[in-house]
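Letter by letter, the chains look like this.
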Amino acid sequence: MDRVSAFDEPLKKLLGGATAKVMAEHLDLHTVGDLLHHYPRRYEERGQLTALADLPLDEHVTVVAQVADARIMMFNNGRGKRLEVTLTDGSGRLQLVFFGHGVHKPHKELLPGRRAMFAGKVSVFNRKMQLAHPTYQLLDTADADEATEAVDAFAGRLLPIYPACKQLDSWRIAKAVDTVLPSARDAVDPLPLPLREGRGFTPLPEALLKIHRPQTKADIADARDRLKWDEAFVLQVALARRRYADTQLPAVARRPRREGLLDAFDAKLPFTLTEGQEKVSEEIFDDLATEHPMHRLLQGEVGSGKTMVALRAMLAVVDAGGQAAMLAPTEVLAQQHHRSITEMMGELAEGGMLGGSDLGTKVVLLTGSMGTAARRQALLDLVTGEAGIVIGTHALIEDKVQFHDLGLVVVDEQHRFGVEQRDALRSKGKQPPHLLVMTATPIPRTVAMTVFGDLETSVLDQLPAGRSPIASHVVPAKDKPHFLSRAWERVREEVGNGHQAYVVCPRIGDDADDEAEKKNRKKAAEKAAEEDGEKRPPLAVLEIAEQLAEGALAGLRIEVLHGRMNPDDKDDVMRRFAAGHVDVLVATTVIEVGVNVPNATAMVIMDADRFGVSQLHQLRGRVGRGSAAGLCLLVSEAHEASPARARLSAVAATLDGFELSRIDLEQRREGDVLGQAQSGVRTSLRMLSVIDDEEVIAAAREEAATIVAADPDLDRLPELRTALSALLDKEREEYLDKG
């Protein structure tokens, strides 16, 4: 077998179909190489037990412990029975629980004094940590071959504990790794020899053997150092090559003309720009004046005035004879941007119209739901160059849309757009247009990419004058129901003071999803009879709106807003809310970005633990936009000790989006820095942490830049090219290319 194909061998050839299927579906492991790069999360030392006192809630864990006692309990008038087993390890105790027919085998085997490995998900019942129906393997019996192997493995010095899933325990993963470990000898070493020797790194095959089957703690440290470097370095080479390629692309330099559109716009602004806005605008204008495409990320706190900075960049490009397109994630947002930009520009947005300014240009809107005549006119204005600025949704990307001379693409909220969509828009320029990406909360991938330094970054961290503080509180609805009643009283008080409120829910809820919900509820009820803590379905807009209208907020003017509504109806609701004709808007996250209603002062987020940190911060940014203080209430039924509650407390504790993005990153890790879905199990960073390893990344970046400058196509480094193509399969490389 040649050196590359050993790693490409499908797992099902070596492990059997059933195991390979679970690995593919639940751990995203498909080949020998994937499994060899599935590193142990930690190691148990022989005879040293896991500290039961430190178990993380809601995570799959593997513990090695001793049975203290076991007893059968009856419930449901003797119709049901459960086995409760208490484990101990000197640091703490842990309860195991088995139900129904599942009690017989463990009842016979888990006798006081027996020692075993247990795997399961940690939950809380009656304020005690427990594992319900864990799988286990006895460590002090030689009844079966498997147990003997486990004892042998455990007698080794360090027992690797792998990231596992419900369907596949750590020790089964360890056995699978044993099967493929001989292939580690075939690993292609991506590091150039001078670099490897200069930094004293272990060769890659040896590092893989040491990480999976270490003899000593020094072996683990050795292997980690080497494998972290590989991840940082190969990724940095990919980014360095992309930066190099960007500098080779031609672009039209766009310099604003004196006393043109930008100067006229600045002259009529009723306020002065913040220092931050001035500084960031300069950085952008410098980039626009160069002859290769700007590739800049504009990170700004919610409400820091990013739209103003982006608009000035667009006006500069129009001044220089080009056109600018702003891509918004939703129709509501595109319409809102169009409205606020035309209001800010006044007669400057009416170029060529009666009463418009001689210096002006046309600002057109293009969305999927526009009428045929309006759409035809907008397309005509774009192709003739009559419209200097277009604001739209992904409708801008369709083939029919032609530009006269596209010079700048502004993408609002990076994480809402597929890269393909951004790229399709960029390809509409005669030469690659400049690109400005705006994000209100640095999301993990952006933070990661920023640390990796692939985009030029501008930061707006001052809030313009006139923004009010926002108080945030967690409302523990399950532990303290009266807190929720008080939350609705607070909403009434805000409305009584002439203000408005949002109520946000994770789900829409309508007939279409009713059937599925009924099934889910039935399942949940059945399971809850056996186990505590089964999550109910997320709360829905339509149900909550109805409950509030009939109960806690009866008498107030309540409307709903969600993504499945007809666009005209959505716009109508938003207009009436903005005009003050609606007291409470019950909505999904469709209001998350850019919705600007200064009179809305309160927000209640239901099932707040179902949202990510960035999303909560974004949602909260919709209140406190006027002179009155904002209030954001995060309603949750999550247990006080759970990671979900810790996340909510972090959001309540700070309004600093940059701090929150760091917390988010620490909690969720990086997702896949190369753009796999953030929720995916697998990450291209298996060993490296963007938060903790900035020094490794910085050093790898320098080495990568030197190597790429000397040999952009890596002709002299075939092993590095191979490693690069393994990391960047076609899809990922394109993802990276498109930023």
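Described in the following lines is the structure provided in the data block.

Rules used throughout
Residues numbered from 1 in each chain as written. Predicted model: local features only at pLDDT ≥ 70, side-chain atom pairs only at ≥ 80, totals over all residues. Heavy atoms only, no water. Axes fitted to C-alpha atoms, helices over the stretch in contact; angles between N-to-C directions. Helix = DSSP H or I, 4+ residues; strand = E, 2+ residues; numbered from the N terminus. Parallel < 35°, antiparallel > 145°, perpendicular 65-115°, else oblique. Left-handed = near helix turned anticlockwise from the far one by under 90°. Contact = heavy atoms within 4.5 Å. Nonpolar A, V, L, I, M, F, W, Y, C, P; charged D, E, K, R; others polar. Core = buried A, V, L, I, M, F, W, Y, C linked by side-chain atoms within 4.5 Å. Buried < 20%, exposed > 50% of the residue type's maximum accessible area, 1.4 Å probe, protein only. Pairing = 2+ DSSP bridges. Expected span 1.5 Å × (residues − 1). Polar contact = N/O pair within 3.5 Å; in protein donor to acceptor, adjacent residues only side chain to side chain.

### Observations concerning the packing of helix 10 (residues 217–248) against helix 25 (residues 694–710)
Orientation of helix 10 relative to helix 25, taken along the N-to-C sense of each, is 45°, at an axis distance of 8 Å. When the interaxial angle is binned, helix 10 and helix 25 end up oblique. At the point where helix 10 passes helix 25, the crossing takes the right-handed sense. Contacts between helix 10 and helix 25 involve Lys228, Trp229, Ala232, Phe233, Gln236, Val237, Ala240, Arg241, Arg243 and Tyr244 from the first element and Val696, Ile697, Ala699, Ala700, Arg701, Glu703, Ala704, Ala705, Ile707 and Val708 from the second. Looking at the contact of helix 10 with helix 25, its residues break down into 14 nonpolar, one polar and five charged.

### Overview of the nonpolar core
Ranked by size, the top nonpolar core spans 39 residues in total, and within it Met314, Met345, Ile389 and Leu408 carry the most contacts. The biggest single contributor to this core is helix 13 (residues 306–319), with 10 residues. Those residues in contact with leucine 408 that sit more than four places away from it in its chain are Leu288, Met294, Ala313, Met314, Val317, Gln323, Ala324, Ala325, Pro433, His434, Leu435 and Leu436. Within the second largest apolar cluster, 33 residues are counted, among which are Leu11, Leu29, Tyr43 and Ala187.

### A few points about the sheet that holds strand 12 (residues 387–392)
Sheets are built from strands that pair by backbone hydrogen bonding, the pairs being arranged parallel or antiparallel. Read from one edge to the other, the open sheet built from seven strands follows the order 11-12-10-13-14-9-15, with strand pairing classed as parallel. The sheet is open, and its two edges are formed by strand 11 (362–366) and strand 15 (456–460), each paired on a single side. Averaged over all adjacent pairs, the angle separating strand axes in this sheet is 20°, with direction ignored. Where strand 10 (residues 323–327) and strand 12 come together, four bridges link them in parallel fashion. Considered in strand 12, the bridge of alanine 325 is made with valine 390. Packing against the sheet, helix 15 (residues 372–384) makes contact with strand 10, strand 11 and strand 12, and its axis sits at approximately 130° to strand 11.

### Section: the pairing of strand 13 (residues 406–412)
For strand 13, a buried count of seven out of seven residues is recorded, marking the element as mostly surrounded by other parts of the structure. With five bridges joining them, strand 10 and strand 13 adopt parallel strand pairing. Each residue of the ladder has a partner; that of methionine 326, found in strand 13, is valine 410. Bridging between strand 13 and strand 14 (residues 434–439) involves five bridges; their strand directions are parallel. Residue pairing for strand 14: valine 410 is matched across the bridge by leucine 436.

### Focus: helix 14 (residues 331–345)
One turn of an α-helix holds 3.6 residues; hence residues three or four places apart share an orientation. Its 15 residues give helix 14 an end-to-end C-alpha distance of 21 Å, which sits within 8% of 21 Å, the value for a rise of 1.5 Å per residue. Here helix 14 starts with a cap whose side-chain oxygen sits 3.1 Å from the backbone nitrogen of leucine 333, and that cap is threonine 330. Taken from the residues just after helix 14, glycine 346 is the one with a positive phi, measuring 60°.

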